[in-house]
Every structure is written in C-alpha cells, then in structure tokens.
Amino acid sequence: MSFIEGQGVLGRIRFLDGEFPAYDRTYLVVTAKEEYIEVLNVSSIRGKERRLAFPTNERLRSYNPPFVMPSFVKLDSLTRVESFDWRNLQVLNSGRTLDGAELERIKGL
C-alpha cells in the first residue's frame, strides 16, 4: 500500500504517548515517503466549535475531499507511521486528496 500527501485515512495510529486509540480515527497524510508517512489527527467540528480557539487546532477551509464533514486538524498531533504499521489504515474518499493550496497552508503552520 502506498499513500499520497493530502489523502485522508481512517484507522488506529499510536498516540504520541504510545497508547492506541479505542476506536478508528481520521488522519490527514501530510508527508508520504516509501518507508513512512506523517499524519495529523483530523476531527469534525460538529460539537467541538470551542476547540477551534486553541492555537494548536486549525480549521480546514476546504475539507471535501477527502473529508465529508467540516473538520479541523490538530497541529500538535504530527505522527510518523512506519510502513509496517500501514496494514490497518483505510484510504478515504477513493484516495481523493485535499486541495493542494489548503495542504500547503496546513503544512506551513
């Protein structure tokens, strides 16, 4: 399996503290190399509007594709996922990627 920068993925990726989430979560691929990817945690805005005020969270201005609901990324959640941990990841929205300008804006923050 290979990934492209800007894709959304669903799965369980180890938190920065080493624990796995109890359920599948949504992520944005911000770096894609042959041996690893780097992802940011993505969450829907619905019911979490107050979290957008946190400086570590950034609203995705153009979220669809690959996400279907208004969403934000957690900038402090950047995680490297080695290729041997890709087996449980599912690509969202048929692999369609986030708008290129939006991806570059998020990567620049």
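Because the structure is predicted, anything quoted here is derived from the model rather than measured. Each chain has its residues counted from 1, following the order in which its sequence is written. Where totals are concerned, whole chains, interfaces and linings use all residues; where local detail is concerned, this predicted model gives features only for residues with pLDDT of at least 70, and gives and counts side-chain atom pairs only at 80 or more. Only heavy atoms go into the side-chain values, all of them from the structure, while hydrogens and water stay out.

> Hey, could you go over unusual backbone geometry for me, with residue numbers and the actual values?
In this chain, N64 is followed by P65 through a cis amide linkage whose omega measures 0 degrees. Starting at the N terminus, helices and strands are each numbered in turn, a helix being any DSSP run of H or I of at least four residues and a strand any DSSP run of E of at least two. Locating P65 in the fold gives a position in the loop between β4 (57-59) and β5 (71-82). Residue P66 is bonded to the preceding P65 through a cis peptide linkage, with omega at 0 degrees. With respect to the element layout, P66 can be found in the loop between β4 and β5.

> Give me the lowdown on the environment of K48, citing residues and values where you can.
With respect to the helices, strands and loops of the structure, K48 is situated in the loop between β3 (36-44) and β4. Taking the C-alpha atoms as reference points, K48 and M1, separated by 47 residues in sequence, lie 33 Å from one another. Should any heavy atoms of two residues lie within 4.5 Å, those residues are considered in contact. Residues contacting K48, with those up to four places away along its chain left out, are S43 and F72.

> Mind laying out the environment of R105, listing which residues take part and the relevant values?
Position of R105 among the secondary structure elements: in helix α1 (residues 100-107). Owing to a relative accessible area of 17%, R105 belongs among the buried residues under this scheme. Through-space distance from the C-alpha of R105 to that of Q90 is 24 Å; in sequence the pair is 15 residues apart. Filtering out sequence-adjacent residues up to four positions away, R105 remains in contact with E58, R59, L60 and R61. For every residue, the accessible area (1.4 Å probe, protein chains only) is compared with the maximum for its type, and the residue is labelled buried under 20%, exposed over 50%, or partly exposed between those bounds.

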